[in-house]
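Summary of the model geometry
Residue strings, one per chain:
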Amino acid sequence: MLGYPCMNRTLRDREEPLRCNRGMQKATFEERGPAYAADLARQNLRDLRTILEWNNEHGIGFYRVTSTLVPWNSQFDLAELETYDELARLAARCGDYVREHGMRLTFHPDYWCRLASSSRDTVERSLRAVEYHADWLDLMGLARSPYFGINVHIGATYGDRAATAERFRDAVCELSSGARARLTVENDDEAGLWAVTELVEQVSDRVGVPVVFDYHHHSFSDRGLSYREGFERAAETWDCRPAVHYSEPARLHGADTKPQAHAEYVAGVPGWLRDRADVMVEAGAKERALLRLKDRAATAAEH
DNA sequence: AAGTGTCAAGCATTA
DNA sequence: TAATGCTTGACACTT
């Protein structure tokens, strides 16, 4: 399966925009509190169902859900919301649809989720972030498996790689069983950060967290492994179908940007990767990049 | 209605 | 020691 992250531009551009990432700034949250967050969450969950239907109708089975699905969820528990039952019903409608159609969802908490931080406060906030993503998956009734993963980066070395890996493993062991069962870890996009091999050896082999192979990031930290070799190392850490990320550098498409920047579209996902994994295509044009790929494939088949 | 500056959270780099 | 980039949309305020 192929997938795309978070925003469906086609549905967002409608007269009545559909989206599942309504949020608010701090001042508004302080003024209006969890009740307003619950109202936005209701609209987000309602639209998520429609986005999933649209995806399915367009042959897209894989989707990354935004972390703003329930805005400000770090500040309250879902269960304490007055509209909890309604949110639970709306979430269940999403999960039911996913299961009925054999689809796959993942989450990707933002870059301040730092489970290996040298600051204990940051670790605790990060643990909390993973937990509330897991709450959402529970609410949807989706399996406690990395198939419905919560994907994070280590994202720093704090000047001591071994100590950082150890803190990450310790944090993994602090998670609830439901959250831990869903956690995945992805290779970083800088040479000095975490490469596939390091994640496999220092995290996955020790505490069983599967490694999400990011094809583009691998080019910054390949440690001498080809793309295929990097993928193979990561694939061994999965006991279900691996999830991987694929994107192409914007530079390859003529943009004058830093090497890490993603292109708007992708020319094509390698067949060997598609055969073995579900591929999250991270392209600026989001779902339109996938539609273009399918279009190209159909055109090629005619010739 | 359209335009603009700013935004919860972390870290590394630079000035 | 303090500012900046990351990556990007969307919020919130101004015109």
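In the block above lies the structure referred to throughout.
Now for a look at the structure at hand. Predicted model only: the values in this text are computed from it and were never measured.

Our next topic: the protein's contact with DNA strand C. Close to DNA strand C lie 13 residues; Arg12, Asn21, Gln25, Thr28 and Lys258 are nearest. Counting only atoms of DNA strand C within 4 Å of the protein, the sugar-phosphate share comes to 85%. Interatomic distance of 3.3 Å between a backbone N/O atom of Gly23 and a phosphate oxygen of DNA strand C. Among the residues forming the surface near DNA strand C, the class breakdown is three nonpolar, four polar and six charged.

A word on the protein's contact with DNA strand B. Near DNA strand B lie 14 residues; those nearest to it are Lys26, Ser74, Trp112, Ser117 and Tyr158. Sugar plus phosphate: this is where 47% of the atoms of DNA strand B within 4 Å of the protein reside. Side-chain polar atom of Ser117 to a phosphate oxygen of DNA strand B: 2.5 Å apart, as the coordinates give it. The contact in question runs from a phosphate oxygen of DNA strand B to an N or O atom on the side chain of Arg125, over 3.2 Å. Classifying every residue of the surface near DNA strand B by side-chain character gives five nonpolar, six polar and three charged.

A word on unusual backbone geometry. At Trp72, a position not held by glycine, the phi torsion is positive, near 65°. With respect to the helices and strands, Trp72 occurs in the loop between β2 (62–65) and α3 (84–100). Note on Trp72: relative accessible area 27%, which makes it partly exposed. For Lys286, which is not a glycine, the phi torsion comes out positive at approximately 50°. Tracing the backbone shows Lys286 in the loop between β8 (278–281) and α11 (287–302).

Take the layout of surface pockets next. Estimated volume of the largest pocket: approximately 1100 Å³. Forming the boundary of the largest pocket are 46 residues, of which His108, Pro109, Asp110, Tyr111 and Trp112 lie nearest the centre. At the level of secondary structure, the elements contributing two or more residues to the lining of the largest pocket comprise β2, α4 (120–140) and β4 (150–153). By residue number, the principal contributor to the lining of the largest pocket is α4, which donates seven residues. A per-class count over the lining of the largest pocket returns 15 nonpolar, 18 polar and 13 charged. When its volume is computed, the second largest pocket comes out at roughly 170 Å³. In terms of lining, the second largest pocket is formed by 13 residues, of which the most central are Leu2, Arg274, Leu290, Leu293 and Lys294. With five residues, α11 is the largest single contributor of residues to the lining of the second largest pocket.

Reading the values: the criteria
- Residues numbered from 1 in each chain as written.
- Chains lettered and ligands numbered in written order.
- Predicted model: local features only at pLDDT ≥ 70, side-chain atom pairs only at ≥ 80, totals over all residues.
- Heavy atoms only, no water.
- Near = heavy atom within 4 Å.
- Polar contact = N/O pair within 3.5 Å; in protein donor to acceptor, adjacent residues only side chain to side chain.
- Nonpolar A, V, L, I, M, F, W, Y, C, P; charged D, E, K, R; others polar.
- Helix = DSSP H or I, 4+ residues; strand = E, 2+ residues; numbered from the N terminus.
- Buried < 20%, exposed > 50% of the residue type's maximum accessible area, 1.4 Å probe, protein only.
- 1 Å grid on protein atoms, 1.4 Å probe; cavity = no way out; pocket = protein on both sides within 12 Å on 5 of 7 lines; lining within 4 Å.
- Points joined across faces, edges and corners; volume = space filled by probe spheres on them.

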